[in-house]
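The residues making up each chain are set out below.
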Amino acid sequence: MTTARSIRPRPGTAGAAPAAPGADPGRSGVLHVRCAPALPGEGYREVLELLREFSPLVQALPPRAALVQVRGARRYFGADAARIAEVVRLRAVARLGTDVRIGVADTWAVAAMASARVQGPGGVLAVPAGHTAAFLAPLPVEALHGLGPRQAEALRGYGLHTVGALTRVPPGVLERILGKRTGRLVAERARGVDPRPVTPRDLPSSAAVRTGFTRQELDGPHARAALLGLVVRLGAQLRGRRQTARSLCLTLQFAGGTRWERSRRLAEPSAHDEDLRTLAYRLMDAAGLQRARLTGMVLRAEDLAAAEGVTRQLSLDPVREARLTVEAAIDRANARFGPGTVRPAALLGLGSPPGR
């Protein structure tokens, strides 16, 4: 098991400065947590649940990050924010099998910049109160949270290469270079000012269906038929719950334990098989499988909304309207005689009806 390690600014190292008189290293109370890019959506949800064990103030930042406000948790756990972050990381490794990078600071922006500076797959970088300016000063301007590459290039064109350099020019200069609103924001962030609170926010509700292969699947058409089966099951599930999806996420599991995951948004919220199938096939095409050895797949509908709250545009396509009418009839038949009783002909070679 990977051991937890804490990375803190130390006197004499880049981004560090001696503690200011009276500074309280434990006063920092915002954790910015970055998960591994390859972590599947289910793993990300598990990390969010883990974070809620330490504080109710957890804000999900999809696709793989989160904010945690732990100022109120310090007294309960009898530890400062940096120590809480180390315990979070240790539990993520021990219980979930995934490492995380955590930045600890007084504000959202500084904590996010700290987590981005953590080297390797995991670690903790704490910026204690009184050390913010020293931490930010040597960072390149592109490291400033919220600053885009084009804006960073514009600043470098004026000889402003570090965050510290931004604090040595009047805010009006930055406003003339980047525009009034952005310039003011950059001037504040360069000084560690970020008034945004941590707002409890969970991931939008989702629904998932999955399938596994009894052997390593190499046949492309058979894998696509299996994906169609997932689409049919997922669509029926959404319509039964009177929900629509705004996006789909496809996870492919390969021999050897590796995964591939990709998400895309639907043109408009939908729970119809035709819309889900079109996007699901595009996701599979994006994987470029060729002769990959598949062992399973998961199709997830994300960012769900109540069907009655979604405006449906009247289609002028008679073929589509006919398909929707047939789809409703199939749903009624399956509700009466059992899931999968009526299904696409392409699924007849896959064995028992999906969902049974």
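See the structure above.
Only a predicted model underlies this, so the values are computations on that prediction, with no experimental measurement involved.

The rules we used
Residues numbered from 1 in each chain as written. Predicted model: local features only at pLDDT ≥ 70, side-chain atom pairs only at ≥ 80, totals over all residues. Heavy atoms only, no water. 1 Å grid on protein atoms, 1.4 Å probe; cavity = no way out; pocket = protein on both sides within 12 Å on 5 of 7 lines; lining within 4 Å. Points joined across faces, edges and corners; volume = space filled by probe spheres on them. Helix = DSSP H or I, 4+ residues; strand = E, 2+ residues; numbered from the N terminus. Nonpolar A, V, L, I, M, F, W, Y, C, P; charged D, E, K, R; others polar. Contact = heavy atoms within 4.5 Å. Phe/Tyr/Trp six-rings, centres within 6.5 Å; stacked < 30°, edge-to-face > 60°. Buried < 20%, exposed > 50% of the residue type's maximum accessible area, 1.4 Å probe, protein only. Lys NZ or Arg CZ within 6 Å of the ring centre and 35° of its normal. Core = buried A, V, L, I, M, F, W, Y, C linked by side-chain atoms within 4.5 Å. Axes fitted to C-alpha atoms, helices over the stretch in contact; angles between N-to-C directions. Parallel < 35°, antiparallel > 145°, perpendicular 65-115°, else oblique. Left-handed = near helix turned anticlockwise from the far one by under 90°.

A. Representation of empty space enclosed by the protein in the model. Inspection of the entire model under this criterion finds two cavities of 30 Å³ or more. Taken together, Pro40, Glu42, Arg210, Thr251, Arg259, Glu261, Val298 and Arg300 make up the lining of the largest cavity. Of all the secondary-structure elements, those providing two or more residues to the lining of the largest cavity are strand E9 (259-270) and strand E10 (294-306). Class assignment for the residues of the lining of the largest cavity results in two nonpolar, one polar and five charged.

B. Summary view of the environment of alanine 36. Considering the arrangement of structural elements, one finds alanine 36 in the loop between strand E2 (30-35) and helix H1 (41-51). As a C-alpha pair, alanine 36 and alanine 65 span 29 residues in sequence and 9.1 Å in three-dimensional space. Residues contacting alanine 36, with those up to four places away along its chain left out, are Arg64 and Asp99.

C. Region of the structure containing the layout of surface pockets. In this structure, the largest pocket occupies an estimated 640 Å³ of space. Among the elements of the structure, helix H10 (220-240), helix H11 (273-287) and helix H12 (318-337) are those that each provide at least two residues to the lining of the largest pocket. Classifying every residue of the lining of the largest pocket by side-chain character gives 13 nonpolar, five polar and nine charged. Estimates place the volume of the second largest pocket at around 490 Å³. Taken together, 24 residues make up the lining of the second largest pocket; nearest its centre are Pro63, Arg64, Glu261, Ser263 and Glu302. The set of elements that each furnish at least two residues to the lining of the second largest pocket consists of H1, strand E8 (243-254), E9 and E10. Here the lining of the second largest pocket takes seven residues from E9, the largest share from any one element.

D. Molecular detail of the packing of aromatic side chains. What the rule picks out here adds up to two aromatic pairs. Residues tyrosine 76 and phenylalanine 77 carry aromatic rings whose centres are separated by 5.1 Å and whose planes lie at 85° to one another, so their mutual orientation is edge-to-face. For tyrosine 76, a relative accessible area of 70% puts it in the exposed group. Phenylalanine 77 gets classed as partly exposed once you look at its relative accessible area, which sits at 30%. Joined through ring pairs, the aromatic side chains of Phe54, Tyr76 and Phe77 make up one cluster. Note that arginine 196 overlies the ring of tryptophan 108, its terminal NZ or CZ placed 3.8 Å from the centroid. Directly above the aromatic system of tyrosine 281 lies the positively charged group of arginine 224, at a separation of 4.6 Å from the ring centroid.

E. Seen up close, the environment of threonine 132. With respect to the helices, strands and loops of the structure, threonine 132 is situated in helix H5 (residues 132-136). For threonine 132, a relative accessible area of 17% puts it in the buried group. Here the alpha-carbon distance between threonine 132 and alanine 190, two residues 58 residues apart in the chain, equals 9.8 Å. Setting aside anything within four residues of it in sequence, one finds threonine 132 in contact with Val110, Val127 and Gly192.

F. Expanded view of the nonpolar core. Ranked by size, the top nonpolar core spans 35 residues in total, and within it Met113, Phe135, Leu147, Leu155, Leu160, Leu166 and Leu174 carry the most contacts. Listed by contribution, the elements that provide at least two residues to this core are strand E4 (65-69), helix H4 (108-116), H5, helix H6 (149-157), helix H7 (163-167), helix H8 (171-178) and helix H9 (180-190). Sort the elements by how many residues they give to this core and H4 lands first, with seven residues. Residues Ala223, Leu227, Tyr281 and Leu304 belong to the second largest nonpolar core, which totals 33 residues.

G. View of the packing of H6 against H8. Following both chains from N to C, one finds H6 and H8 inclined at 120°, their axes separated by 10 Å at the closest point. On the basis of their axis angle, the class for H6 and H8 is oblique. Judged by the sense of rotation from one axis to the other, the crossing of H6 with H8 is right-handed. The segment H6 lies against H8, with Gln151, Ala154 and Leu155 engaging Leu174, Ile177 and Leu178.

H. A look at the packing of H10 against H11. For the pair H10 and H11, the least separation of the axes is 9 Å and the interaxial angle reads 140°. It follows that H10 is oblique to H11 by the angle criterion. The way H10 lies across H11 gives a crossing that is right-handed. Where H10 abuts H11, its residues Ala223, Arg224, Leu227, Leu228, Val231, Val232, Gly235, Leu238 and Arg239 lie against Asp273, Leu276, Arg277, Ala280, Tyr281, Met284 and Asp285. Among the residues making up the contact of H10 with H11, the classes are represented as ten nonpolar, one polar and five charged.

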